[in-house]
Amino acid sequence: MAADPRLGVTTTMSNDPPSSQDLKLDEALLQELKSRNEFESQEETKRRHMVLERLEGILKRLVVLVGKQKGLPQGILNEAGGKVLTYGSFELGVYGPGSDIDTIMVAPKHVTREHFFQHLPDLLRKEFKSEDITELTPVPGISVPIIKVELCGVSVDLIFSNLQLSSVPKTQDLNDLNVLRGLDETDLRCVNGRRVTRRILHLVPQTKVFRMALRAIKLWAKKRALYGNIVGYPGGVAYAMMVARICQLYPKAAAPHIILKFFFLMRKWNWPSPVLLQHHEEGALQLREWDPAVWRGDKLHLMPVITPSYPRQNSTHTIGPSTRMVLLREMERGETIVRGVYDNGKPWKELFQKHTFFTDAYKHYISVITAGKTKEAYQQWSGLVESKLKWLVQGIEQSDAKSVELVQPFNKGFKRQHDCKSADDVEKTLEGNLDCQVPDTATSTTDQGDDIKAQAAAQTATDGMEVPATNGVSPADADGPQMIWTMTFYLGIGLKKGANSLDISSPIQDFRRSCQEWPGYNQDTHSIRVKHMRNYDLPADVFDAGETRPTRTKKAKTAPKTVESTHNKRSFSNTGLDVGDELQKFKLLTRRPCINVGSYALLTVDDEQENNDPAKRRQSANGPNSTATPNGTATPHGGAG
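Residues numbered from 1 in each chain as written. Predicted model: local features only at pLDDT ≥ 70, side-chain atom pairs only at ≥ 80, totals over all residues. Heavy atoms only, no water.

**A few points about the side chain of Thr 318**
Examined against the element boundaries, Thr 318 turns out to sit in the loop between helix 10 (296–299) and helix 11 (321–344). We classify Thr 318 as buried; its relative accessible area is 9%. Here the side chain of Thr 318 touches Asn 229 through a polar contact of 2.5 Å, landing on its backbone oxygen. (Helix = DSSP H or I, 4+ residues; strand = E, 2+ residues; numbered from the N terminus. Buried < 20%, exposed > 50% of the residue type's maximum accessible area, 1.4 Å probe, protein only. Polar contact = N/O pair within 3.5 Å; in protein donor to acceptor, adjacent residues only side chain to side chain.)

In structure tokens form, the structure reads like this:
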């Protein structure tokens with residue numbers, strides 16, 4: 001008898017059924033998830049299915065409309081059909097209130113993607129009342145072209161693919177390898193989401209257990225800021241496959257036991273050995289697949305989690321050394337907490353406590369401030385920069401390994417809108433100043449709001465494709481009032497104990513140059529600044545209400561050291577960061593042992609201790625007329641040190 005494919009590529013680790021404690025903890029977990037509003041009501045789910053049914057009717061009308069334009073016989077049009085299929089969290093059954101529905105519209109071969117973007121928006125407006133359409137944003141020309149819509153309160157991401165078939169019947173699905181024949185790379189990316197999702201569900205032994213465990217793991221990942229493949233963490237599909245693998249190893253276990261084993265096994269996994277849900281599926285289409293024996297780049301992947309359907313791909317290729325370290329550290333924390341749930345009666349809520357990235361994790365941060373002088377310019381530009389953050393992280397990791405323990409990117413950007421009245425206001429805003437932020441526009445993050453164009457640009461660049469340039473309107477007169485849109489990303493810098501030197505000028509310069517080499521870059525419209533911040537200088541809007549913000553601690557004065565000892569102590573080397581106005585330069589230059597940013601000393605190691613030594617102040621420059629030598633050593637009055 002053939003082996004059960006739902007048990008994966010190895011034998012199981014345990015076939016024990018749930019204990020009474022497992023079942024009790026399962027009920028407690030369910031109640032915790034409900035208390036966090038992780039499940040939507042039946043009425044909301046019915047509305048989702050109603051919207052999907054209407055979308056399928058619209059697709060069929062599109063198929064007929066295009067067929068008539070091409071002069072196809074009515075008999076063919078009567079059978080042409082068209083199918084709306086879902087994937088992602090909705091298809092996996094782990095969606096909650098407000099979740100998007102990832103949807104692919106599948107049409108016969110006479111309908112193209114150009115027809116999809118040309119006709120579908122008008123068909124949507126005819127089908128739904130204007131008050132029922134609160135968003136309709138087409139985003140063509142990216143790695144997975146999409147139309148983002150919100151219909152009757154339901155957010156839907158619509159993508160499209162045609163099949164090399166004359167008709168798409170109601171029973172059509174995408175599991176058969178033959179449906180891939182004749183598809184271009186864009187079509188293959190579009191259909192892959194549905195194929196992977198369906199295969200995952202097919203490969204888990206208990207769907208209900210899988211869904212409960214996955215809901216908990218996704219909530220944990222989001223709360224701990226470990227979610228999103230663009231900046232170097234697993235995304236939803238990757239987490240689904242990791243949980244599915246644990247379900248295969250413990251096919252009869254309850255969700256709490258799956259969660260415990262998820263943290264234990266993923267932390268102890270023999271990385272970079274891949275997580276596989278099934279043996280390799282052979283295909284005859286000669287498509288590029290993940291294969292470290294063939295592709296050198298694949299061999300460098302640190303934590304590969306491989307999609308089960310052909311062509312197989314690594315869903316976690318953006319994970320680097322730092323994000324790997326953060327993930328393993330957080331998995332150890334998760335394991336400790338869940339063991340406490342089992343052994344000491346700890347509540348589940350401790351697993352889902354919010355991250356401490358801004359409140360307690362680091363003393364030093366790098367902020368990457370992207371800006372656009374039109375909203376359209378800002379959207380594409382910020383998405384492009386976000387996709388390249390992983391290269392900045394990698395560059396810093398490799399630039400001074402003796403000093404840097406890790407560089408942790410926060411998994412979301414912070415969007416802000418600013419009303420600048422003058423050129424000085426614009427410059428301050430581009431430097432990260434928030435004085436001109438529009439009062440009635442709250443700061444939001446990249447998982448909120450309607451910035452589908454920014455998200456799409458980020459994912460396109462992450463997929464290895466070029467972000468299309470925009471032809472936005474010209475920016476307003478630089479001397480008059482104008483609106484500025486910014487997106488700021490934060491990196492936490494963990495320094496090794498005793499570190500007293502750091503040179504990150506090259507990776508920062510390379511990062512900025514890489515961003516500015518984008519064909520759509522316009523120096524009159526786009527801006528990117530890279531700055532250092534201490535934890536006590538972080539803006540208020542990165543903290544939630546009730547969180548304790550870091551404060552600057554003043555230590556007792558110590559006896560001054562000699563000038564000679566001061567000169568012998570290594571300062572941090574040139575880091576390529578940006579500096580604001582002259583007063584800020586003066587304040588930053590007078591701090592002691594530091595990382596120099598650009599030509600100025602910014603990132604200090606021990607500046608909690610005030611510098612009272614006149615010799616040191618002279619060494620680091622004590623006036624606004626100070627300049628810096630190329631190696632980053634600041635000197636007063638412009639003299640070379």
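**A few points about the pattern of salt bridges**
Across all of its chains, the model carries 26 salt bridges by this definition. In this structure, the salt-bridge partner of Asp 187 is Arg 113, at a minimum N-O distance of 2.6 Å. Of this pair, Asp 187 sits in helix 6 (residues 185–203) while Arg 113 sits in helix 5 (residues 113–127), and the two are 74 residues apart along the sequence. Between Lys 148 and Asp 157 there is a salt bridge whose closest N-O contact spans 2.9 Å. Looking at Lys 148, the relative accessible area reads 9%, which means it is buried. Using a relative accessible area of 9% as the deciding quantity, one classes Asp 157 as buried. Taken together, the shared-partner salt bridges connect Glu 91, Asp 173, Arg 194 and Arg 198 into one network. (Salt bridge = Lys/Arg side-chain N within 4 Å of Asp/Glu carboxyl O.)

**Comments concerning the packing of aromatic side chains**
Both the distance between ring centres and the angle between the ring planes are used here to describe each pair of aromatic rings. Under the counting rule described, the total for this entry stands at 23 aromatic pairs. Judged by centre distance (4.9 Å) and plane angle (55°), the rings of Phe 358 and Phe 410 are tilted. Taken as a pair, Phe 358 in helix 12 (residues 357–361) and Phe 410 in the loop between strand 7 (404–409) and strand 8 (414–420) lie far apart in primary sequence, 52 residues in all. Taking 6.0 Å as the distance between ring centres and 90° as the angle between the ring planes, the aromatic pair formed by Tyr 362 and Tyr 365 counts as edge-to-face. Taking relative accessible area as the criterion, Tyr 365 reaches 0% and is therefore assigned buried. What links up through ring pairs into an aromatic cluster is the set Phe 357, Phe 358, Tyr 362, Tyr 365, Phe 410, Phe 414, Tyr 490 and Phe 543. In this structure, Lys 222 packs its charged tip against the face of Tyr 227, placed 4.9 Å from the ring centre. Sitting over the ring of Trp 295, Arg 288 keeps its end group 3.9 Å from the ring centre. (Phe/Tyr/Trp six-rings, centres within 6.5 Å; stacked < 30°, edge-to-face > 60°. Lys NZ or Arg CZ within 6 Å of the ring centre and 35° of its normal.)

**Some thoughts on the packing of helix 1 (residues 20–35) against helix 7 (residues 207–223)**
It is at 11 Å that the axes of helix 1 and helix 7 come closest, and there the two elements cross at 50°. Overall, the two elements helix 1 and helix 7 adopt an arrangement that is oblique. When you trace helix 1 past helix 7, the crossing you get is left-handed. Of the residues in helix 7, those touching helix 1 at Asp 26, Leu 29, Leu 30 and Leu 33 are Met 212, Arg 215, Ala 216 and Leu 219. (Axes fitted to C-alpha atoms, helices over the stretch in contact; angles between N-to-C directions. Parallel < 35°, antiparallel > 145°, perpendicular 65-115°, else oblique. Left-handed = near helix turned anticlockwise from the far one by under 90°. Contact = heavy atoms within 4.5 Å.)

**Section: the sheet that holds strand 2 (residues 101–107)**
Spatially, 1-2-5-4-3 is the arrangement adopted by the 5 strands of the open sheet, whose pairing is mixed. Among the strands making up the open sheet, the edge pair consists of strand 1 (83–87) and strand 3 (133–139). This sheet shows a mean twist of 25° between the axes of neighbouring strands, independent of strand direction. Note that strand 4 (residues 146–151) and strand 5 (residues 154–162) share 5 bridges and pair antiparallel. Its bridge partner being in strand 5, Glu 150 is matched across the sheet by Ser 155. Across the sheet, helix 2 (residues 42–69) lies against strand 1, strand 2, strand 4 and strand 5, angled at about 25° from strand 2, the strand it touches most. Across the face of the sheet, helix 6 comes into contact with strand 1, strand 2 and strand 5 while running at roughly 120° to strand 5. (Pairing = 2+ DSSP bridges.)

**Re helix 7**
It helps to recall that an α-helix has 3.6 residues per turn; residues three or four apart then point in one direction. Compared with the 24 Å implied by 1.5 Å per residue over 17 residues, the 24 Å span of helix 7 between its first and last C-alpha is a close match. For helix 7, the buried fraction is high: 12 of the 17 residues fall into the buried class. Where helix 7 is concerned, the buried positions are Val 209, Phe 210, Met 212, Ala 213, Leu 214, Arg 215, Ala 216, Ile 217, Lys 218, Leu 219, Trp 220 and Ala 221. The inward-facing, buried residues of helix 7 abut helix 1, helix 4 (88–92), helix 6, helix 8 (236–249), helix 9 (255–268) and helix 11. (Expected span 1.5 Å × (residues − 1).)

**Let's talk about unusual backbone geometry**
With omega at 10°, the peptide bond leading from Trp 271 into Pro 272 counts as cis. Along the chain, the position of Pro 272 falls in the loop between helix 9 and helix 10. Residue Pro 311 follows Tyr 310 across a cis peptide bond; omega there is -5°. When you line up the elements, Pro 311 lands in the loop between helix 10 and helix 11.

**Comments concerning the nonpolar core**
Residues Phe 210, Trp 220, Tyr 239, Ile 259, Phe 262 and Phe 358 are the most contacted members of the largest nonpolar core, which totals 99 residues. The element that contributes the greatest number of residues to this core is helix 7, accounting for 10 residues. What Tyr 239 contacts, discounting residues up to four positions off in sequence, is Leu 214, Ile 217, Trp 220, Ala 221, Leu 226, Tyr 227, Pro 234, Phe 262 and Leu 327. Leu 55, Ile 101, Ala 107 and Val 156 belong to the second-largest nonpolar core, a separate cluster that totals 30 residues. (Core = buried A, V, L, I, M, F, W, Y, C linked by side-chain atoms within 4.5 Å.)

**Description of helix 14 (residues 423–430)**
Looking only at helix 14, the buried set comprises Asp 425, Val 426, Thr 429 and Leu 430. Along the axis of helix 14, the buried residues cluster in a sector spanning 130°; they form a single face. Buried-residue contacts for helix 14 involve strand 6 (364–372), strand 8, strand 10 (482–495) and strand 11 (526–534). Two residues or fewer past helix 14, Gly 432 is found with a positive phi of approximately 110°. (Arc of directions from axis to C-beta.)

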